[in-house]
Amino acid sequence: MADITDTARTFAAAHESGDLLVLPTVWDAWSARLAESAGFPGLTIGSHPVGDALGPGDGEAMDFADYMAATRRIVDAVELPVSVDVESGYGLTPRELVERVLDAGAVGINVEDTVRRENGRMRERDEHADYIAGARQAADAAGVDLVINGRTDALVHGTALFEDPLAEAVARVALLEKAGARSVYPVGLPDGDAAKAVVAAVSVPVNVTAHPVNGAKAGSLEELRAIGVRRISFGPLWQAALAETSAEQLAAWKG
């Protein structure tokens with residue numbers, strides 16, 4: 001892997017290029033090498049698939065040191081920029097979080113506003129924006145052009161918390177861009193119209209989750225490109241798709 005400052009600069013430039021980036025979500029060195037061999041420009045690491053691979057599961061259940069060790073193994077296995085999902089920050093300050101992520105060699109982070117270790121509460125708009133701003137300041141102080149993907153779960157929590165979840169998601173991603181996010185991630189977009197509303201609210205790439213076989217609720221690859229979506233990741237869905245295929249293959253060998 002090249003020097004982390006150069007790798008981060010390359011990754012940031014890709015986000016600023018206007019191109020649609022598909023960044024497969026991986027969980028170990030094997031899946032990372034497989035995605036790299038397919039010719040993608042970068043990778044994302046998902047806490048959900050890594051948590052399943054290591055055993056504890058998702059929801060900040062992993063020991064963060066174990067998670068960063070897994071991240072380092074992935075970074076060392078490929079020649080691509082790697083971004084890691086850090087959930088809501090594992091109880092770390094933004095500065096501590098960024099220091100440990102950079103030490104593991106990742107050049108991007110995904111930070112969500114649902115705090116699993118605090119009974120799944122959702123951060124207030126400004127609280128989450130302040131956390132993103134702190135991470136931006138820490139990365140800038142380190143001289144690394146870290147790509148922060150600011151995630152909101154407003155659509156996931158839905159009307160249980162918000163009268164208009166889409167309006168809340170739009171308001172939150174706009175704040176996250178101002179705080180220094182280089183991309184934004186409104187999880188749970190129900191359709192293309194919702195995706196259009198978010199894309200119109202920010203100038204940075206909007207990340208959409210897609211299934212590698214079935215696509216995204218917001219549209220196909222080409223439909224997402226036409227809408228203006230500029231970043232796609234798989235979350236836990238690639239690992240899940242492989243699990244389904246493997247289960248079928250293994251079933252043929254039952255006695």
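Our subject is the structure that appears above.
A few points on the structure. Just so you know, these numbers come straight off a predicted model, no measurement behind them.

Okay, the packing of aromatic side chains next. For the structure on display, the rule yields four aromatic pairs. The interplanar angle of 85 degrees and the centroid separation of 6.3 Å between the aromatic rings of Phe64 and Tyr67 together place this pair among those described as edge-to-face. Of this pair, Phe64 and Tyr67 both sit in helix 4 (residues 64-77), three residues apart, which is roughly one turn of that helix. The exposure class assigned to Phe64 is buried, which follows from its relative accessible area of 7%. Accessibility expressed as a relative area gives 0% for Tyr67, which makes it buried. Grouping aromatic residues by their ring pairs yields a cluster made of Phe64, Tyr67 and Tyr90. Over the ring of Tyr131 we find Arg123, and its NZ or CZ is 4.4 Å from the ring centre.

Within the open sheet, the three strands sit side by side as 1-11-10. Their pairing is parallel. Each edge of the open sheet is held by one strand with a lone partner, namely strand 1 (21-22) and strand 10 (207-209). Relative to strand 11 (residues 231-233), strand 10 runs parallel, the two being bridged by three bridges. Counterpart to Val208 in the pairing with strand 11 is Ile232.

Taken as a whole, the largest pocket encloses approximately 600 Å³ of empty space. Contributing to the lining of the largest pocket are 33 residues, with Tyr185, Val187, Thr209, Gly235 and Pro236 lying nearest its centre. Those elements giving two or more residues to the lining of the largest pocket turn out to be strand 3 (43-45), helix 3 (47-54), strand 4 (82-85), strand 8 (147-152), strand 9 (183-186), strand 10 and strand 11. Its residues placed into classes, the lining of the largest pocket shows twelve nonpolar, 13 polar and eight charged.

Tyr67, Val84, Ile109 and Val229 are the most contacted members of the largest nonpolar core, which has 77 residues in total. For Tyr67, the contacting residues outside a window of four places in its chain are Ile45, Gly46, Ser47, Val50, Met62, Val84, Asp85 and Tyr90.

On to the sheet that holds strand 4. An order of 2-3-4-5-8-9 is seen for the six strands of this open sheet, with the pairing classed as parallel. Bordering the open sheet on either side are strand 2 (25-26) and strand 9, each of which pairs with just one other strand. When strand 2 meets strand 3, the two strands line up parallel, connected through two bridges. Each residue of the ladder has a partner; that of Val26, found in strand 3, is Ile45.

The next subject is the packing of helix 2 (residues 29-37) against helix 4. Between helix 2 and helix 4, whose axes approach to 9 Å, the crossing angle comes to 35 degrees. Helix-helix and strand crossings are classified by hand; for helix 2 and helix 4 the assignment is right-handed. Side by side, helix 2 and helix 4 meet where Ala29, Ala32, Arg33 and Glu36 of the first sit next to Arg73, Ile74 and Ala77 of the second. Its residues placed into classes, the contact of helix 2 with helix 4 shows four nonpolar, no polar and three charged.

End to end, helix 4 covers 20 Å across 14 residues, agreeing with the expected 20 Å (1.5 Å per residue, within 8%). Restricting attention to buried positions, one finds in helix 4 the residues Phe64, Tyr67, Met68, Ala70, Thr71, Ile74, Val75 and Ala77. Where helix 4 is buried, its residues touch strand 2, helix 2, strand 3, helix 3, strand 4 and helix 5 (94-103). Taking the backbone nitrogen of Ala65 as reference, a side-chain oxygen 3.0 Å away marks Asp63 as the first, capping residue of helix 4.

Cut-off values and rules
Residues numbered from 1 in each chain as written. Predicted model: local features only at pLDDT ≥ 70, side-chain atom pairs only at ≥ 80, totals over all residues. Heavy atoms only, no water. Phe/Tyr/Trp six-rings, centres within 6.5 Å; stacked < 30°, edge-to-face > 60°. Helix = DSSP H or I, 4+ residues; strand = E, 2+ residues; numbered from the N terminus. Buried < 20%, exposed > 50% of the residue type's maximum accessible area, 1.4 Å probe, protein only. Lys NZ or Arg CZ within 6 Å of the ring centre and 35° of its normal. Pairing = 2+ DSSP bridges. 1 Å grid on protein atoms, 1.4 Å probe; cavity = no way out; pocket = protein on both sides within 12 Å on 5 of 7 lines; lining within 4 Å. Points joined across faces, edges and corners; volume = space filled by probe spheres on them. Nonpolar A, V, L, I, M, F, W, Y, C, P; charged D, E, K, R; others polar. Core = buried A, V, L, I, M, F, W, Y, C linked by side-chain atoms within 4.5 Å. Contact = heavy atoms within 4.5 Å. Axes fitted to C-alpha atoms, helices over the stretch in contact; angles between N-to-C directions. Left-handed = near helix turned anticlockwise from the far one by under 90°. Expected span 1.5 Å × (residues − 1). Polar contact = N/O pair within 3.5 Å; in protein donor to acceptor, adjacent residues only side chain to side chain.

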